[in-house]
Amino acid sequence: MIDAELLLQGYQLGVFPMAMDDDSIGWFSPDPRAIIPLEKFHVPHALRRIARKEIFETKIDQRFADVIRACASRNQTWINREIIESYERLHELGYAHSVEAWSKGKLAGGLYGVAIGGAFFGESMFHREKDASKIALVRLVEHLRAKKFALLDTQWLTPHLQQFGAMEISRAHYLHLLARAVELRRKF
């Protein structure tokens, strides 16, 4: 298991771990880095309609272990047993969180990440039903805005995240935003 203090220190310095093909742990600090500016978060029109229908109920931190394991259950994954155990420990300590989308009493999708100060570091998402992880992301952003968070880190830019307003910034700019965000006194 990765020591919790080491994980938290890594995030505060702009680095995060990923399991490699041989199960070793690599540490990354991408340049450019991807973020979703909370004030510019965009909900696509079709997803807005789905949210209004309230097909999914969202919850926070009800099934963290199930969420991280579902995120790991895919052919290509960087989440191994050591990552799972390490983040479950961070969850026990109050730093790692899950946002879940439920449908008919079952976990339909969700995401997890780490909160330090006013920064949230998104780690992974999954869905078992169409749009469930997207609804979880919308709920996360609403929650972060309500709690006055300053930074939503998504690590790398993907077409999936681009539709929500994700953008790339230089590592130097990211580290500047990060230093300010982690100093904020926020509670997830």
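Residues numbered from 1 in each chain as written. Predicted model: local features only at pLDDT ≥ 70, side-chain atom pairs only at ≥ 80, totals over all residues. Heavy atoms only, no water.

Draft legend 1. Fine view of the sheet that holds strand β6 (residues 106-116). Strand order in the open sheet formed by seven strands is β4-β5-β6-β7-β8-β3-β9, with mixed pairing between adjacent strands. At either margin of the open sheet sits one strand with a lone partner, and together these are β4 (57-60) and β9 (167-169). The sheet shows a mean angle of 35° between the axes of neighbouring strands, direction not considered. Pairing analysis gives eight bridges linking β6 to strand β7 (residues 119-127), with the strands arranged antiparallel. Directly across from Leu111, in β7, lies its bridge partner Met125. On the sheet, helix α1 (residues 4-12) packs against β6 and β7 and is oriented at approximately 75° with respect to β6. Along the sheet face, helix α3 (residues 64-72) touches β5 (96-103), β6 and β7 and points at about 95° away from the line of β6. (Pairing = 2+ DSSP bridges. Helix = DSSP H or I, 4+ residues; strand = E, 2+ residues; numbered from the N terminus. Axes fitted to C-alpha atoms, helices over the stretch in contact; angles between N-to-C directions. Contact = heavy atoms within 4.5 Å.)

Draft legend 2. Examining the side chain of Asp153 more closely. Secondary-structure assignment places Asp153 in strand β8 (residues 151-155). Among the polar contacts made by the side chain of Asp153, one reaches the side chain of Arg33 at a distance of 2.7 Å. Apart from the residues lying within four places of it in its own chain, the contact partners of Asp153 are Arg33, Ala34, Ile35, Phe120, Phe121, Gly122 and Tyr174. (Polar contact = N/O pair within 3.5 Å; in protein donor to acceptor, adjacent residues only side chain to side chain.)

Draft legend 3. Up close: the environment of Thr158. Residue placement: Thr158 occurs in the loop between β8 and α6 (159-162). Thr158 sits in the partly exposed class, given a relative accessible area of 30%. For the pair Thr158 and His97, spaced 61 residues apart in sequence, the C-alpha separation works out to 22 Å. (Buried < 20%, exposed > 50% of the residue type's maximum accessible area, 1.4 Å probe, protein only.)

Draft legend 4. How the structure looks around α3. For α3, the full list of buried residues reads Phe64, Val67, Ile68, Ala70, Cys71 and Ala72. Contact partners of the buried residues in α3: α4 (81-92), β5, β6 and β7.

Draft legend 5. Quick look at the layout of surface pockets. One number sums up the size of the largest pocket: a volume of about 520 Å³. Among the secondary structure elements, those contributing two or more residues to the lining of the largest pocket are β6, β7, α5 (132-146), β8 and α6. Ranked by the residues each element gives to the lining of the largest pocket, the list is headed by β7, at six residues. (1 Å grid on protein atoms, 1.4 Å probe; cavity = no way out; pocket = protein on both sides within 12 Å on 5 of 7 lines; lining within 4 Å. Points joined across faces, edges and corners; volume = space filled by probe spheres on them.)

Draft legend 6. Just the packing of aromatic side chains, in detail. Evaluated as defined, the whole model comprises nine aromatic pairs. When the ring of Phe41 is compared with that of Phe164, the centres are 5.6 Å apart and the planes differ by 5°; the resulting orientation is stacked. Highlighted residues: Phe41 in the loop between β3 (33-35) and α2 (45-53) and Phe164 in the loop between α6 and β9, separated in sequence by 123 residues. Residue classification places Phe41 among the buried residues on the basis of a relative accessible area of 11%. For Phe164, a relative accessible area of 0% gives the class buried. Taken together, the aromatic side chains of Phe16, Phe28 and Trp156 make up a single cluster linked through ring pairs. It is Arg33 that lies over the ring of Tyr174; its NZ or CZ is 4.1 Å from the centre. Lying across the ring of Trp102, Lys59 places its NZ or CZ 4.4 Å from the centre. (Phe/Tyr/Trp six-rings, centres within 6.5 Å; stacked < 30°, edge-to-face > 60°. Lys NZ or Arg CZ within 6 Å of the ring centre and 35° of its normal.)

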